[in-house]
Structures are given as structure tokens and as C-alpha cells.
Amino acid sequence: MPSLAIDCKTEMGREPMLVHLDADAQVFEAPTDAHPSTAWWRSAVFYEVYIRSFQDSNGDGIGDLRGIEQRLPYLQQLGVDALWITPFYPSPMADFGYDVADYTAVDPSFGTMADFDRLLQAAHDRDIRIVIDMVLNHTSDAHPWFAESRSSRTNPKRDWYIWRDAQPDGSPPNNWTTFFGGSAWAWDETTQQYYLHLFLDRQPDLNWRNPEVIAAVDDVLRFWLDKGIDGFRLDAINFLIKHADFPDMPVVTNATGGDLVQYHVHVNNQPELHPLLQNVRRVLESYPGERVLIGETGTLKAPELAEFYGADLDEIHLPMIVLPLHTPWQAAAMRQCLLEFYAGLPPGATPHFVFSNHDDKRLITRYGYEQHRSIAVLLLTLLGSPILYYGDEIAMCDMFIPLEKRVDTAGLIDPDTYPGRDPNRTPMQWDASQHAGFTPDTVEPWLPVNENRSTINVAVQAAAPDSTLTFYTTLLHLRRDSRALRVGSIRFLEETGDVLAYVRTFGDERLLIAINFGSGSPILDLSELADQAHCVLSSTLQRPDAVALAAVALNAYESVVFKLGAGGT
Ligand code: TEU
Ligand code: CA
């Protein structure tokens, strides 16, 4: 790329906007300063591998454990620290593995237990940790526990699930609905009762008020901890235990005055949840090494997030912060949201930011292509341990999946209004071949490969210095080499138009991150921070080595990481 010098005077002849450090905004300290532990997960970058879509090793069109093993060199080169692998347990695949039929085995479509053991060893050999998905809210209806439970009202496992009588008119026990729509109660002809399922009817909810369930799950956790896994990602963990009295949910009219929407208040984050989480944590901590609990807590509010860490930081290490997914991509909104989350963290807690995953639209589809690098810069330079979703690093985007190729049940319920989650789960694009190197071209992949594979793929981008993949790799290595980025404190600058800016500090190392969310070209006076800065990274151009901070012109949608020199406050 040519070096573009910026002359601020000729550029529109505008006066720079003076930007101050926000006097009111707190400095949020690195957890390591407030807490003696320097555990790896406090500064790690996680990477979500949606196993069905990452790499097929045996030509059946479905990604598998050996496929992940084959791609470890890629992940190591990219510079991620840990993988979260989505469920690979035996399953009828009604929810593609989130319906578990056996917690301590491997589904043949993903490989064997020996493949898992090999993957774990090979990952550890490359200093990559492995976190596995644990789906504890529900099992598959094909799980032997449920087969027993539904066999008769007197079966010893009857109470392992949530069974209730019909109301006198035969209708379900209450008005609860599933997250996929429709009543959360399914009628069982044999035993003439309803069972509860917050997700599909093929995913009956476990009864966490039964101590036998707790004991059985403890054994499952030990099985995997004995193998040496580095942690669990706890699926839908906020819903684990339900209100003891099963009251009706409050119902509200939505914004358009149409459908009724329920608040899931009687299943979300009940007080009895927290002793259960403490128990899971105790099981984890009875093992040596630093293992981590990541929690899918569905949390949208900062004060609630704090609860999932536990009053004594004795529950989930990293409750997922998905709020940015629900926040408009605007500097002021994002700044506000981040400040609220940082301010709400208990002392010593590590924030775990999630911007994309297998349930939501991909980043480019959500925010637009021109924002993609800024999203990467934000995610990877905030204080905390972030997670990437496979394919984000090569700028994959959602793909329209025609009805006849749809496989996610969620996308079949109301196909015109919700396409489901297939669009954001298409196969990883490794090269420009017909099936992108995910599976042989002669094999039909489980979901179509995006047509944009000719340019959006690893092979092309690895060789291109200005590609998205090169940008991500540079950013990840920059983060790895910088203590300020990994564990430094964060302090936000005051609100400035379309620019979100903050300083990360560790000892003498001070980095300024400025992200221009807009299409304009603001000129900022940042001289309060230092006289000069060195541009470490820019998303759009190569900047001159030394930048005078009295007048910094940003390009449209540009994100910059500056290393601050002397001077300033
Ligand atoms: O998702 C839990 C969850 O809360 C869902 O409501 C999620 O927001 C929804 O699927 C979006 O359409 C977890 C898993 O991530 C998801 O893939 C599973 O389908 C779900 O649990 C059930 O196990
Ligand atoms: Ca396969």
C-alpha cells in the first residue's frame, strides 16, 4: 500500500475538534491488578468452531473433529488462544447437536472419542486450549434418561424432567412459550401429562430441583475434566432452573401493537440458579490447572451480568456479554453500552465480549462491509477476553438459503419472516474451489457454500497483504505482544461525534485506539494525551510513522491504534 501523508490544513481547512479524556468516566483496571490470578482466560482470544461447518475430513459433507485437528496450524498462525467447539455428542440433530443423547460419547458423524483425544493433545501441543459446549438445560428426547422418564409416571427417572398435569380443559399447565415459538409444553399420550421444553419439543428440559440430576451432571463434567479439557461453555445456562410455582409469564403488546410477546422472567436467572452454578464451579476447581466456565447467560443488562460472576466471583468466570449484538453500530451508543458494562463489573471480573456466533447474523451482514475492520479493532482492543466466530476473520457474510435447502428448524417455523440460522452457519471457505476446501467438490455439503468463496477464502487472503485475514492476523499478534492490550487498564475519551476512542495503559506502554464509525473525515486534537504518536495499525492506510496529535485526520470508517509518546496526561 502506498504511504498516504495527510495534510490536515489542505484537507477541508477545518479546525481540529479538541478531544479530552472523559473526566467523569472511570478508569477500568485490568483484572490482574485487582486480583492475584493471572489465569490464561483473563486475556485470551477465544474462537468459536461451529463443528459441522469448519472442516470435513472424511468426505461426508459434515465438519468433524479430525477436520479441526487438520486446521490447527491455521488457527495457531492466526493467533487465537482457545477454541470453543460446539456440541459433538451423539444426537438426533434436531437442533444440530444442542439436543444431546449421550453426554460422554462422540456422534459418529463427528468422529470417535479417540479423535477427540487426539485433537485435545494436538491442540495442547500448539498451546491452544479446548473449551467444550455443555448443554445442561435440556437433553434430546432420545437421551436414555428421557426414555426412562417418559416410560411411566412411576419410573425412578420420572422426576428428572418437568412433568405437569393438563388444566381441566386439557390445555397446557401455563402460558409459557418456547424460544422457537408455540407452547413450551408437549403432551405425552402414554403417561397423559405435559413435559416442559423451552426450546424444541425434542429438547425436554431437565429438572434441576432433583439432586439426582445434579449428581449425574457432576459425573459428566468429571468425565471431560479427567480428559484434560480446559473448560466448558455452558449453553443457555440462565434458564436452568424454573420458578417453583410455574406462574404464567407476563405478556406485553409489541411495538406494532400486534403479537403478544412474553418476558421469560420466570425461567431466566432465578435465585435458585446461583447455588447450582457454584456447584459446577466447585467441580471444576476440584481439578488442577486453570479451567474456565464460559456462560451463555442471555444477559442484556449490565447489573444482571454481574450476578452471573457470583457474589464472591465463585460462579461463571466469563458470562458472555452479547449486548453489542443488540446495540446500533454508532459511536455514542456503543460507548454508552461499554461504559455501563465496565461500570457494572464486580471487582476482579473479566469481561467476555461476543459480537457474533452461530445463532445470529454475521458481522458484515449486520453492520455492513465497510465497518468490518473496525469491529475487529474494537473487539480485539477492548479490555477483556473476546471471542471470534469462525469465518469472521475472512469477512464471511450470511448467505440466503432457499427454503428447500433449509435445515435449521428455527428457519422453517415462519420461513417468510425468519430465515433461521443456516445463513450464518455455511461452511468455512478455505479456498476458491467449488466447495471451498470444506468438503470435496464431489460431495454435497450439509449447507451450501457461499458463492463469494472465490475471493472470500483463506488461501487467497493469506497471500494478500491487504486482506481481511492479514488484518486480523496482524491485530491478533499485536494484541499478543502488547501487555497494554491484553491486560492494561482502559479509559474512554469523551464523546466525539462518530469517533469512539480510548486509551489502554500498562506501565509505560500507552495505546490510543480511535474508531471512526462514520463516513466523514473528522480531524481531532488529541494533544492532551501526548504530543506525538506512532501509528501501529490503521484499517485503511499506511500512516506516516510519527503523527502529531494536535491534528489527527481520520478517514471514513478508519480505525487506528496509536502508540502514545511522551507528554500529555
Ligand atoms: O441458545 C440459547 C438461546 O438463548 C437461544 O434463544 C438463541 O438466542 C436462539 O437460538 C437464537 O435463535 C443456545 C444455542 O446457542 C442455540 O444454538 C441452541 O439452539 C439453544 O441454546 C438450545 O440448545
Ligand atoms: Ca465429516
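Residues numbered from 1 in each chain as written. Chains lettered and ligands numbered in written order. Predicted model: local features only at pLDDT ≥ 70, side-chain atom pairs only at ≥ 80, totals over all residues. Heavy atoms only, no water.

Digging into the domain arrangement of the protein chain
Considered domain by domain, the protein chain is made up of domain 1 (40-139 + 211-240 + 273-476) and domain 2 (144-196). Listed as interface residues are 11 residues of domain 1 and, on the opposing side, eight residues of domain 2. Summed over both partners, the interface of domain 1 with domain 2 buries about 790 Å², with 74% contributed by carbon and sulfur atoms. Among the residues of domain 1 in contact with domain 2, Thr139, Glu212 and Val213 are the three that bury the most area, contributing 40% of the side total. (Domains from an automatic or database assignment. Contact = heavy atoms within 4.5 Å. Buried area = accessible area lost by both parts, 1.4 Å probe.)

Remarks on the nonpolar core
By size, the foremost hydrophobic cluster in this structure holds 145 residues, and its most contacted members are Phe46, Tyr47, Leu83, Phe88, Met134 and Phe232. By residue number, the principal contributor to this core is helix 6 (residues 211-227), which donates eight residues. Looking at which domains feed residues into this core, each of domain 1 (40-139 + 211-240 + 273-476) and domain 2 (144-196) gives three or more. Excluding residues that lie within four positions of it along the chain, Phe88 makes contacts with Ile51, Leu65, Ala105, Val106, Asp107, Phe110, Phe116, Ile132 and Trp224. One finds Val499, Ala530, Ala533 and Leu549 within the second-largest nonpolar core, a separate group that totals 20 residues. (Core = buried A, V, L, I, M, F, W, Y, C linked by side-chain atoms within 4.5 Å. Buried < 20%, exposed > 50% of the residue type's maximum accessible area, 1.4 Å probe, protein only. Helix = DSSP H or I, 4+ residues; strand = E, 2+ residues; numbered from the N terminus.)

Observations regarding the sheet that holds strand 1 (residues 17-18)
Pairing within the open sheet is mixed, and its three strands lie in the order 1-19-22. Edge positions in the open sheet fall to strand 1 and strand 22 (552-553), since each of these has one partner strand only. By the bridge criterion, two bridges tie strand 1 to strand 19 (residues 523-525) in an arrangement that is parallel. Following the sheet pairing, Met17 is matched in strand 19 by Leu524. (Pairing = 2+ DSSP bridges.)

Re the coordination of the calcium ion (ligand 2)
Looking at the metal site, the calcium ion (ligand 2) is ligated by Asp56 (OD), Asn58 (OD1), Asp60 (OD), Ile62 (O) and Asp64 (OD), spaced 2.2 to 2.3 Å from it. Taken in chain order, the donor set of the calcium ion (ligand 2) reads D-x1-N-x1-D-x1-I-x1-D. The exposure class of Ile62 is buried, given its relative accessible area of 16%. (Donors = N, O, S within 2.8 Å, 3.2 Å for Na, K, Ca; no water.)

A few points about the site of ligand 1
In the vicinity of ligand 1, 16 residues are found, and the nearest of them are Asp95, Asp235, His358, Asp359 and Arg421. Between ligand 1 and Asp95, the relevant distance is 2.6 Å, taken from an oxygen atom to a side-chain nitrogen or oxygen of the residue. Here Tyr418 contributes a side-chain N or O atom positioned 3.5 Å from an oxygen atom of ligand 1. Because more than half of its atoms lie within 2 Å of the grid, ligand 1 is assigned to the largest pocket. A breakdown of the residues in the shell around ligand 1 according to their chemical character gives six nonpolar, three polar and seven charged. (Near = heavy atom within 4 Å. Polar contact = N/O pair within 3.5 Å; in protein donor to acceptor, adjacent residues only side chain to side chain. 1 Å grid on protein atoms, 1.4 Å probe; cavity = no way out; pocket = protein on both sides within 12 Å on 5 of 7 lines; lining within 4 Å. Sits in = over half its atoms within 2 Å of the grid points. Nonpolar A, V, L, I, M, F, W, Y, C, P; charged D, E, K, R; others polar.)

Some words on helix 4 (residues 113-125)
Each full turn of the α-helix corresponds to 3.6 residues, which orients residues three or four apart in the same direction. Here helix 4 spans 18 Å end to end across 13 residues, near enough to the 18 Å set by a 1.5 Å rise per residue. Asp115, Phe116, Leu119, Leu120, Ala122 and Ala123 are the residues of helix 4 that are buried. Against the buried residues of helix 4 lie helix 2 (65-70), helix 3 (72-78), strand 4 (82-85), strand 5 (129-134) and helix 6. Looking at the residues trailing helix 4, positive phi occurs at Asp127, about 60°. (Expected span 1.5 Å × (residues − 1).)

Re the packing of aromatic side chains
One pass over the structure, following the stated rule, counts 33 aromatic pairs. Centre to centre, the rings of Phe492 and Tyr502 are 5.4 Å apart; their planes meet at 55°, and the pair counts as tilted. One end of the pair, Phe492, is in strand 16 (residues 489-492); the other, Tyr502, is in strand 17 (residues 499-506), with 10 residues separating them in the sequence. Accessibility classification places Phe492 together with Tyr502 in one group, the buried group. Taking the ring centre of Trp446 as reference, the NZ or CZ of Arg52 above it sits at 4.4 Å. Across from the ring centre of Trp430, 3.8 Å away, lies the NZ or CZ of Arg71, which sits over that ring. (Phe/Tyr/Trp six-rings, centres within 6.5 Å; stacked < 30°, edge-to-face > 60°. Lys NZ or Arg CZ within 6 Å of the ring centre and 35° of its normal.)

A short note on the sheet that holds strand 8 (residues 193-196)
Taken in spatial order, the three strands line up as 6-8-7 in an open sheet, and their pairing is antiparallel. Each of the sheet's edge strands pairs with one partner strand only, and the pair in question is strand 6 (163-164) and strand 7 (185-188).

Considering the pattern of salt bridges
Taken as a whole and judged by the stated rule, the model has 21 salt bridges. Of the charged contacts, one joins Arg281 and Glu285 as a salt bridge, the two residues approaching to 2.9 Å between their closest N and O atoms. Of this pair, Arg281 and Glu285 are both found in helix 7 (residues 273-285), four residues apart, which corresponds to roughly one turn of the helix. A relative accessible area of 11% places Arg281 in the buried class. Its salt-bridge partner being Arg425, residue Asp359 comes within 3.3 Å of it at the nearest N-O pair. Taken as a pair, Asp359 in the loop between strand 14 (352-353) and helix 10 (363-367) and Arg425 in the loop between helix 12 (410-413) and helix 13 (458-462) lie far apart in primary sequence, 66 residues in all. Classification of Asp359 as partly exposed rests on a relative accessible area of 22%. By relative accessible area, which is 1% here, Arg425 ends up buried. One salt-bridge network, held together by shared partners, links Asp95, Asp359, Asp408, Arg421 and Arg425. (Salt bridge = Lys/Arg side-chain N within 4 Å of Asp/Glu carboxyl O.)

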